[in-house]
Amino acid sequence: MPTYLIVILVSLAVAVLAVMLNMASRPRRALLDEESAREAWLDAAAGEIIRQITLSHDRHAALILSDEGPALVWSSGREIIVRRLLDFDLLDEGGTLRIVFHDFDTPEALLTLDDFERPRWLNLLDAG
């Protein structure tokens, strides 16, 4: 077998192995439903009355409106993060909303929203 053919086959095998290892180690993002978003928020703010829960269509984020103001629950890998929306910048980047928090604990949340839900979320964030 010619040397150049062996080099091509070994390179292809290494590339396939690298892709398979990358896919196997990639964490799947947690999916939210109303109940899991409610539980996550009530763990962080026990006793607060929730007026409305709005889930994103991809089920990776939920906007919670309570008597104390808006809050965000979103997934980052398998972890669910909860944050009250008090001091933040909201950047509308077309298909995504970037919420930049003004502290070091949670620097930002990137939410992928479709064309239908993005204006609704912007309206809820302004009204909250």
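Per chain, the residues get numbers from 1 upward, laid out in the order the sequence is written. Reporting of local features is limited, given that this is a predicted model, to residues whose pLDDT is at least 70; pairs of side-chain atoms are given and counted only at 80 or more, and all residues count toward the totals for whole chains, interfaces and linings. As a convention, hydrogens and water are excluded, and side-chain values are obtained from all of the structure's heavy atoms.

## A short note on a nonpolar patch on the surface
Taken together, the side chains of Met1, Tyr4, Leu5, Ile6, Ile8, Leu9, Val10 and Val14 make up a nonpolar region of the molecular surface, amounting to roughly 820 Å² of accessible area. For Ile6, the position within the fold is in helix 1 (residues 3-25). Relative accessibility decides the category of a residue: with a 1.4 Å probe and only protein chains considered, values under 20% of the type maximum give buried, values over 50% give exposed, and everything between is partly exposed. Of the residues examined, Ile6 reaches a relative accessible area of 39% and is grouped as partly exposed. Every patch collects residues that have over 30% relative accessible area and no salt bridge, joining them within 9 Å if they carry like charges and within 5 Å if they are nonpolar side chains (Val, Leu, Ile, Met, Phe, Trp, Tyr). Computed by Shrake-Rupley with a 1.4 Å probe, the accessible areas treat only the displayed protein chains as cover when residues are assessed. Whenever Lys or Arg places a side-chain nitrogen within 4 Å of a carboxyl oxygen from Asp or Glu, that contact is recorded as a salt bridge. Helix and strand assignments follow DSSP, with helices taken as H or I runs no shorter than four residues and strands as E runs no shorter than two, numbered in order from the N terminus.

## Focus: the sheet that holds strand 2 (residues 61-66)
One open sheet accounts for four strands, arranged 1-2-3-4; its pairing is antiparallel. Of all strands in the sheet, those bounded by a partner on one side alone are strand 1 (50-55) and strand 4 (79-84). Here the strands of the sheet are splayed against their neighbours by 20° on average, with no regard to which way each runs. Two strands are said to pair when DSSP picks up at least two bridges between them. Both strand 2 and strand 3 (residues 69-76) contribute to a ladder of six bridges, which runs antiparallel. Bridging from a neighbouring strand, Ala62 pairs with Val73 of strand 3. Two residues qualify as a contact provided that any one of their heavy atoms is within 4.5 Å of a heavy atom in the partner residue. Note on method: axes are straight lines fitted to C-alpha atoms, helices fitted across the in-contact stretch only, with angles between N-to-C directions ranging 0 to 180 degrees. Most of the contacts of helix 2 (residues 34-44) go to strand 1, to which it runs at about 130°, and overall it touches strand 1, strand 2, strand 3 and strand 4.

## What about the packing of aromatic side chains?
When the centres of two rings from Phe, Tyr and Trp lie within 6.5 Å, Trp using its six-membered ring, the rings pair. Their planes under 30 degrees apart give stacked, over 60 give edge-to-face, and anything left gives tilted. Taken as a whole and assessed by the stated rule, the structure comprises one aromatic pair. Seen from their ring centres, Trp74 and Phe101 are 5.9 Å apart, and the 15° between their planes marks the pair as stacked. In this pair, Trp74 sits in strand 3 while Phe101 sits in strand 6 (residues 96-101), placing the two residues 27 residues apart along the sequence. Judged by its relative accessible area of 5%, Trp74 is buried. On the accessibility criterion, Phe101 (4% relative accessible area) is buried.

## A look at the nonpolar core
The set of buried Ala, Val, Leu, Ile, Met, Phe, Trp, Tyr and Cys residues whose side-chain atoms join them within 4.5 Å is what this entry labels a nonpolar core. Judged by nonpolar contacts, the single largest core of 16 residues is most densely connected at Leu72, Trp74, Leu85, Ile99, Leu111 and Trp121. Elements that contribute at least two residues to this core include exactly strand 2, strand 3, strand 6, strand 7 (108-112) and helix 3 (117-127). If we ignore the near neighbours within four places in the chain, the residues touching Trp74 are Leu32, His60, Ala61, Glu79, Ile80, Ile81, Arg83, Phe101, Thr106, Glu108, Ala109 and Leu111. Of all hydrophobic cores here, the second largest spans 11 residues; its members include Ala37, Trp41, Ile50 and Ile53.

## Some details on the side chain of Ser56
The topology assignment puts Ser56 in the loop between strand 1 and strand 2. The buried category is assigned to Ser56, whose relative accessible area is 3%. Polar contact criterion, stated in full: a pair of N or O atoms within 3.5 Å, where within protein one must be able to donate a hydrogen and the other to accept it, and residues adjacent in sequence count only if both atoms are side-chain atoms. Here Asp58 takes part through its side chain, which lies 2.6 Å from a polar atom of the side chain of Ser56. Beyond its immediate sequence surroundings of up to four residues, Ser56 is in contact with Ala61, Leu113, Glu117 and Trp121.

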